[in-house]
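Residue-level structure breakdown
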Amino acid sequence: MTDAKPDRSAWLKGGNSKCQAKPAATGKPWRFVLLGAPGVGKGTQAELLTARLGACHLSTGDIFRAAKQLDERERTPALTAALEYMRRGELVPDSTVIDIVRERRECLKCESGFLLDGFPRTVAQADALEVLLKEEGLRLDAVLNYELPIELIVKRLSGRRTCPGCKAVYHIENRPPKKEGVCDNCGGELYHREDDRPESIRVRMEAYWKSTAPLTDFYNRRGLLLTIPANGTPEEIFNRTMEALHARS
Ligand code: AP5
């Protein structure tokens, strides 16, 4: 499950970057939005969904984390602005995030399909996505909304460890690497995300309840919402997701 992810250069770097290898498409390009509180397991499910359905994992959080390692000349003005907001501990405004996604609109057209994770995060971003997809003649297949009690979310976040190189995600208890602190895939030194500290978790949860939770109504009204309990093992949640998708089609 922590196999190296398919190349996502076009998404992570933007500009003229091209992906060397896309996820293996499965005939139909699936197009999903993943919703759910921070740490509910969206990224973990995205790995499993990419492996099964071939859709590419497009995470805005991964763009921001990757941007810190980019040369300044490789960053677009929108990306530079976003990093500045984050450095000051402020939320990245909708207009900036929308610009960043718009700069990557080719990824929405990817023949492998996509799993948008972290975008949209507000109703304004959801409106912008709707416009972008319409302009490209594309439609979402579903919006997968993962739900989990807060105490389990905090446990998942406080034990999360991430590889800076290949972006594989581990958990010190639930999904430990073979060797403590070292990535199984690429040997990278695992780190504890800055925003996984208790005080940051509280701020992120507040932002989620205020700005992102209303998106469930937004997508429910459009007949796209599938709500999935996110308790149990990653494989159990994945099986629930596939059942919900089959029941709908
Ligand atoms: P982002 O990276 O999108 O963070 P997030 O939404 O908070 O989501 P996470 O990556 O924290 O969690 P996840 O649900 O993917 O959980 P995971 O699978 O890793 O964004 C980061 C920041 O960027 C934001 O806070 C914001 O500031 C900014 N940002 C991003 N997009 C933006 C936007 N559109 N607008 C404005 N700002 C934006 O799992 C968590 C842990 O649990 C892992 O250790 C995992 O191994 C473990 N785990 C997973 N599933 C299970 C399971 N079933 N059982 C046990 N353990 C499990």
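Here's a quick rundown of the structure. (Residues numbered from 1 in each chain as written. Predicted model: local features only at pLDDT ≥ 70, side-chain atom pairs only at ≥ 80, totals over all residues. Heavy atoms only, no water.)

**Quick look at the packing of aromatic side chains**
- A complete count under the given rule lists three aromatic pairs for this structure.
- Residues Phe218 and Tyr219 carry aromatic rings whose centres are separated by 4.9 Å and whose planes lie at 80° to one another, so their mutual orientation is edge-to-face. No difference in accessibility class separates Phe218 from Tyr219, as the two residues are buried.
- In this structure, Lys28 is placed above the aromatic ring of Trp30, and the distance from its NZ or CZ to the ring centre is 4.8 Å. (Phe/Tyr/Trp six-rings, centres within 6.5 Å; stacked < 30°, edge-to-face > 60°. Buried < 20%, exposed > 50% of the residue type's maximum accessible area, 1.4 Å probe, protein only. Lys NZ or Arg CZ within 6 Å of the ring centre and 35° of its normal.)

**Quick notes on the site of the ligand**
- Taken together, 33 residues are adjacent to the ligand, and Thr44, Gly118, Arg160, Tyr170 and Arg204 come closest.
- In the model, an oxygen atom of the ligand is placed 2.8 Å from a nitrogen or oxygen of the Gly43 main chain.
- One nitrogen or oxygen atom from the side chain of Thr60 is found 2.8 Å from a nitrogen atom belonging to the ligand.
- In the complex, 92% of the free accessible area of the ligand, which totals 1000 Å², lies under the protein chains.
- Those elements that place two or more of their residues in the shell around the ligand are helix H2 (42-53), helix H3 (60-67), helix H8 (150-158), strand S6 (169-171) and helix H11 (234-248).
- No other element matches the four residues that H3 contributes to the shell around the ligand.
- Among the residues forming the shell around the ligand, the class breakdown is 13 nonpolar, twelve polar and eight charged.
- Taken domain by domain, the shell around the ligand gets at least three of its residues from each of domain 1 (9-148 + 209-248) and domain 2 (150-196). (Near = heavy atom within 4 Å. Polar contact = N/O pair within 3.5 Å; in protein donor to acceptor, adjacent residues only side chain to side chain. Areas by Shrake-Rupley, 256 points an atom, 1.4 Å probe, with all protein chains shown as cover. Helix = DSSP H or I, 4+ residues; strand = E, 2+ residues; numbered from the N terminus. Nonpolar A, V, L, I, M, F, W, Y, C, P; charged D, E, K, R; others polar. Domains from an automatic or database assignment.)

**Considering the pattern of salt bridges**
- Inspection of the entire model under this criterion finds 21 salt bridges.
- Across the pair Arg8 and Asp62 runs a salt bridge, and its minimum N-O distance is 3.0 Å. A residue pair is termed long-range when its members are at least 10 positions apart, and Arg8 in the segment before helix H1 (9-13) and Asp62 in helix H3 qualify at 54 residues.
- In this structure Arg8 comes out as buried when scored by relative accessible area, which is 5%.
- Here Glu90 and Arg88 are joined by a salt bridge, their closest N and O atoms 3.1 Å apart. (Salt bridge = Lys/Arg side-chain N within 4 Å of Asp/Glu carboxyl O.)

**As for the layout of surface pockets**
- Put simply, the second largest pocket is a space of about 340 Å³.
- Lining the second largest pocket are 19 residues; nearest its centre among them are Ala10, Ser17, Cys19, Glu106 and Cys107.
- At the level of secondary structure, the elements contributing two or more residues to the lining of the second largest pocket comprise H1 and helix H6 (105-108).
- Classifying every residue of the lining of the second largest pocket by side-chain character gives eight nonpolar, four polar and seven charged. (1 Å grid on protein atoms, 1.4 Å probe; cavity = no way out; pocket = protein on both sides within 12 Å on 5 of 7 lines; lining within 4 Å. Points joined across faces, edges and corners; volume = space filled by probe spheres on them.)

**Looking at unusual backbone geometry**
- A cis amide bond links Phe119 to the next residue, Pro120, at an omega of 0°.
- Mapping Pro120 onto the fold places it in the loop between strand S3 (113-117) and helix H7 (123-136).
- One non-glycine residue, Lys167, lies in positive phi territory at about 70°.
- With respect to the secondary-structure elements, Lys167 resides in the loop between strand S5 (160-162) and S6.

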